[in-house]
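# Residue-level structural notes
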Protein chains: 2
Amino acid sequence: MGSGKSQHPLAKFRVGVDNVIFSVDTEKNRLLVLLVLRDTEPYRDYWCLPGTLVRQGESLEAAAYRILAEKIRVQNLYLEQLYTFGDVGRDPREAPDQYNERYLSVSYFALVRYADAELIADGVSGIAWYPVHQVPTLGFDHNRILTYGHHRLCNKLEYSPVAFDVLPESFTLNDLYQFYTTVLGEHFSDYSNFRTRLLKLGFLSDTGIKVSRGAGRPASLYRFDRDAFDPHKDKPMIFI
Amino acid sequence: MGSGKSQHPLAKFRVGVDNVIFSVDTEKNRLLVLLVLRDTEPYRDYWCLPGTLVRQGESLEAAAYRILAEKIRVQNLYLEQLYTFGDVGRDPREAPDQYNERYLSVSYFALVRYADAELIADGVSGIAWYPVHQVPTLGFDHNRILTYGHHRLCNKLEYSPVAFDVLPESFTLNDLYQFYTTVLGEHFSDYSNFRTRLLKLGFLSDTGIKVSRGAGRPASLYRFDRDAFDPHKDKPMIFI
DNA sequence: ACAAAAGTGTTTTTTATACACCCATGC
DNA sequence: GCATGGGTGTATAAAAAACACTTTTGT
């Protein structure tokens, strides 16, 4: 951090944290993002990414978890920082002569387990899962942030095991395949090849338990074996 | 950005931008990072990443370019945002009862052409290229930021054409190979295979010009063809 | 002539891709 | 018994990896 020569006055900032929270509804094959309806200015009555301003003594990540906890109850999730948006004028509250404060947005990207994600309706403001392809015009620069987050999600899936943070403890290979298909689209791989590739990697262990889903042969339940995955850490591994 | 309920007071921030500026000295086979010696508190007389506080009306990226321009004259560079560090207490200036302001650091990652990078010695503060493996204990949390930047550099090299932003207009395939080796280490690939792979991709065009470097057969100068690269954009392409 | 650097080719192994086919269950 | 989803196998093509070899220069 530089020594402020300071005939140039420094900017004062408030720092917001905005979360791009994704979830995959494998039943209906939809990729969802959590939006909230703002009940205060600016952008009152606009859908937005859930966000908050950082409080005294609170770290960025803590703020990210706080919003999350305010909006949904969930046990299993993955969270990481996304990007920081700090263009001049990105927030209407920076307008000419208010307090002369800038508004920075540090965005976080999260993936949560759909099954146990329980939305907290605080009665006042709306909150809802939106299919990512049906998201309306959002307040602030949140469409941009969402797009960025969506990119990150796709990349993450391809080279890291985030999916297992969010799938149930045990799952069928078809569940896993559905998950990938829902996020990446149908064309990412043949099921049979996907299957072979993942099993060869050796960190999915067959529990032996079979589950029947209506007609058809029952499927094996698999489990993600973190210890067996360890050697694969940092190595590029491609699911595409 | 949330509606501040605010029995919890919001934090006030100053925002710093810190740059991890890399350069590759292909002659001596060294990966370098630019450090400056601080001449003011806190961390006076410590080496640090070049940084500055963001001024009024200045975007984050503009601030990043400003520091860069203050420290080195360079035409060819690549720059992108790295990560935002905002833990409580990461800057000594947050100490108990100063102005009760937090110091955020938005870090940027840059790669510059070594040949035409001219350090600007402003006489007061020291400034120097350090081999990344010989970096001392830095001020603030800058060692951490540097480590993070180094990771990013390695990844970038593997799947994006940043190297060509920073190599001379025309270069031999050996120059390119040296560049990669210097950053990624000796073990990343056989020269002959590296060569074949890159030429097959089809965005390196032979200028026909030959250069002799001492003994041995003269090498062809190649040129990076941006148009021919375009189709490869976004596709994962691996140089490893 | 010979070492040094550049560049080509060959062989082997691994991985990706596209399928065809067999298996176990519900109805 | 046959449709349905689960699971295995094979044949082909493409890529990665290892390494031997040729070509062109300076000395």
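Described below are features of the structure shown in this document. (Residues numbered from 1 in each chain as written. Chains lettered and ligands numbered in written order. Predicted model: local features only at pLDDT ≥ 70, side-chain atom pairs only at ≥ 80, totals over all residues. Heavy atoms only, no water.)

### Observations concerning helix α2 (residues 142-159) of chain B
Taking 1.5 Å as the rise per residue, α2 of chain B with 18 residues should run 26 Å; its terminal C-alpha atoms sit 26 Å apart, in good agreement. What α2 of chain B keeps buried is the set His 142, Ile 145, Leu 146, Gly 149, His 150, Leu 153, Cys 154, Lys 156 and Leu 157 of chain B. (Helix = DSSP H or I, 4+ residues; strand = E, 2+ residues; numbered from the N terminus. Expected span 1.5 Å × (residues − 1). Buried < 20%, exposed > 50% of the residue type's maximum accessible area, 1.4 Å probe, protein only.)

### What about the packing of helix α3 (residues 173-184) of chain A against helix α4 (residues 191-201) of chain A?
Residue and element names in this part refer to chain A. Taken N-terminus to C-terminus, the directions of α3 and α4 make an angle of 110°; their axes are 11 Å apart at the nearest point. With respect to their mutual orientation, α3 and α4 come out roughly perpendicular. Considering only the axes of α3 and α4, their crossing is right-handed. Along the contact surface, α3 presents Leu 173, Asn 174, Leu 176, Tyr 177 and Tyr 180, while α4 presents Tyr 191, Phe 194, Arg 195, Leu 198 and Leu 199. Split into classes, the residues belonging to the contact of α3 with α4 amount to eight nonpolar, one polar and one charged. (Axes fitted to C-alpha atoms, helices over the stretch in contact; angles between N-to-C directions. Parallel < 35°, antiparallel > 145°, perpendicular 65-115°, else oblique. Left-handed = near helix turned anticlockwise from the far one by under 90°. Contact = heavy atoms within 4.5 Å. Nonpolar A, V, L, I, M, F, W, Y, C, P; charged D, E, K, R; others polar.)

### With respect to the protein's contact with DNA strand C
As a matter of local geometry, DNA strand C sits amid 19 residues, with Ser 192 of chain A together with Asn 174, Ser 192, Arg 195 and Ser 220 of chain B nearest to it. Sugar and phosphate atoms constitute 65% of the interface atoms of DNA strand C, taking the interface as everything within 4 Å of the protein. Here Ser 192 of chain A contributes a side-chain N or O atom positioned 2.7 Å from a base nitrogen of DNA strand C. With respect to DNA strand C, the side chain of Asn 193 of chain A contributes an N or O atom lying 3.0 Å from a base nitrogen. Looking at the surface near DNA strand C, the elements with two or more residues in it are α4 of chain A together with α5 (191-201) and β12 (219-224) of chain B. In terms of residue class, the surface near DNA strand C is built from six nonpolar, eight polar and five charged. (Near = heavy atom within 4 Å. Polar contact = N/O pair within 3.5 Å; in protein donor to acceptor, adjacent residues only side chain to side chain.)

### Things to note about the relation of the copies chain B and chain A
Overlaying chain B with chain A gives an RMSD of 0.1 Å, the required rotation being 179° about an axis along which the chain moves by 0.0 Å. The transformation just described matches what one would write down for a two-fold rotation axis. Closest approach to the rotation axis within chain B is made by the C-alpha atom of Phe 13 of chain B, at a distance of 2.4 Å. (Least-squares fit on C-alpha atoms with pLDDT ≥ 70 in both.)

### Topic: the protein's contact with DNA strand D
The environment of DNA strand D is formed by 19 residues, the closest being Asn 174, Ser 192, Arg 195 and Arg 217 of chain A together with Ser 192 of chain B. Within the side chain of Asn 193 of chain B, one N or O atom sits 2.9 Å away from a base nitrogen of DNA strand D. Residue assignment for the surface near DNA strand D shows that the elements contributing at least two residues are α4 and β12 (219-224) of chain A together with α5 of chain B. Along the lines of polarity and charge, the residues of the surface near DNA strand D split into six nonpolar, eight polar and five charged.

### Let's talk about the packing of aromatic side chains
Residue and element names in this part refer to chain A. In the structure shown here, the tally under the stated rule is 44 aromatic pairs over all chains. Both rings, one in Trp 47 and one in Tyr 130, keep their centres 5.1 Å apart while their planes meet at 65°; by these two values the pair is edge-to-face. With Trp 47 in strand β3 (residues 47-48) and Tyr 130 in strand β9 (residues 127-131), the pair connects residues that are 83 residues apart, well separated along the chain. When the centroid spacing of 6.2 Å and the interplanar angle of 70° are considered together, the rings of Tyr 78 and Phe 109 count as edge-to-face. Here Tyr 78 is found in strand β6 (residues 77-85), whereas its partner Phe 109 is found in strand β7 (residues 101-112), with 31 residues between them in sequence. Given a relative accessible area of 19%, Tyr 78 falls into the buried group. Linked through ring pairs, Tyr 177, Phe 179, Tyr 180, Phe 188, Tyr 191 and Phe 194 together constitute an aromatic cluster. Across from the ring centre of Tyr 103, 4.4 Å away, lies the NZ or CZ of Arg 93, which sits over that ring. (Phe/Tyr/Trp six-rings, centres within 6.5 Å; stacked < 30°, edge-to-face > 60°. Lys NZ or Arg CZ within 6 Å of the ring centre and 35° of its normal.)

### Notes on the packing of α2 of chain B against helix α4 (residues 173-184) of chain B
All names here are of chain B. At a closest axis distance of 10 Å, the pairing of α2 and α4 adopts a crossing angle of 145°. Considering the relative orientation of α2 and α4, their crossing is left-handed. Every residue of α4 that contacts α2 at His 150, Leu 153, Cys 154, Leu 157 and Glu 158 is listed here: Phe 179, Tyr 180, Val 183 and Leu 184. Partitioned by chemical class, the residues of the contact of α2 with α4 number seven nonpolar, one polar and one charged.

### Remarks on the sheet that holds strand β10 (residues 170-171) of chain B
Taking strand neighbours across the sheet as the criterion, the three strands line up as β10-β12-β11 (chain B) in an open arrangement whose pairing is antiparallel. Only two strands of the sheet have a single partner each, and these edge strands are β10 and β11 (204-211) of chain B. (Pairing = 2+ DSSP bridges.)

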